[in-house]
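# A structural walkthrough
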Amino acid sequence: MSIGETIGAEAKPKKKLAVITCMDTRLVNFLPEKMGLERGDAKVIKNAGNIITDDVLRSLVVAIYCLDVEKIAIVGHTDCGMAGADIEEIRKEMIKRGVNPYFTPDFEAWMGKMDNEEENVLKGVELIKNHPAIPKDVEVEGLMIDINTGEIKKLI
Ligand SMILES: [Zn+2]
């Protein structure tokens with residue numbers, strides 16, 4: 001029995017879709033509504049700035065090989081707090097609160113620093129498409145949602 005068979009059919013996304021988006025509070029309920037997603041339609045993976053980290057890739061591997069996902073959409077948004085986030089400021093705040101920010105060799109990279117929301121989505125699409133764990137038959141698209149109007153624009 002494969003891992004996929006042990007997972008109930010109801011846990012598999014009806015639209016065979018995985019969405020990677022930002023944890024921004026303004027996207028709660030808003031993004032699924034604008035994308036026309038209902039309960040049960042898609043796997044939704046969120047983090048600060050919809051950065052493609054190892055953990056996102058791990059979730060995608062589960063989504064693809066166990067949950068029959070065939071399509072991945074990275075959805076960035078306008079006015080993302082991670083765009084131009086002041087990493088140095090975060091580091092200072094950590095020190096102020098008694099935390100050593102040098103627990104990782106490259107804190108900036110670890111934080112997923114990005115400068116532009118659209119470029120970040122495009123970079124993420126490239127990363128997923130070229131990742132050795134992702135099969136070539138999986139469709140990967142990059143979208144941007146306007147945080148105010150909800151208008152969705154396809155980048156790639
Ligand atoms: Zn954001």
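Calculation rules
- Residues numbered from 1 in each chain as written.
- Predicted model: local features only at pLDDT ≥ 70, side-chain atom pairs only at ≥ 80, totals over all residues.
- Heavy atoms only, no water.
- UniProt positions renumbered as here; feature names shortened; annotations may be inferred.
- Helix = DSSP H or I, 4+ residues; strand = E, 2+ residues; numbered from the N terminus.
- Buried < 20%, exposed > 50% of the residue type's maximum accessible area, 1.4 Å probe, protein only.
- Pairing = 2+ DSSP bridges.
- Axes fitted to C-alpha atoms, helices over the stretch in contact; angles between N-to-C directions.
- Contact = heavy atoms within 4.5 Å.

### Describing the UniProt feature "binding site: Zn(2+)" (unreviewed entry) in the chain
Under the UniProt annotation, the feature "binding site: Zn(2+)" (unreviewed entry) is placed at C22, H77 and C80. In terms of the greatest pairwise C-alpha distance, the residues named above, spread along 59 residues, form a tight cluster of at most 8.1 Å across. Assignment of secondary structure puts C22 in strand β1 (residues 17-22). Taking relative accessible area as the criterion, C22 reaches 4% and is therefore assigned buried.

### A few points about the sheet that holds strand β5 (residues 152-154)
In spatial order, the strands read β2-β1-β3-β4-β5; together these five strands make up an open sheet with mixed pairing. The outermost strands of the open sheet, each flanked by one partner alone, are β2 (42-47) and β5. Direction aside, neighbouring strands of the sheet carry axes that sit 25 degrees apart on average. Relative to β2, β1 runs parallel, the two being bridged by six bridges. Within the sheet, the bridge partner assigned to T21 lies in β2 and is K46. Against the sheet, helix α3 (residues 54-65) makes contact with β1, β2 and β3 (71-77), and its axis sits at roughly 175 degrees relative to β2, the strand it touches most. In the packing of helix α6 (residues 117-129) onto the sheet, the strands contacted are β1, β3, β4 (139-145) and β5, and the crossing angle to β4 comes to about 170 degrees.

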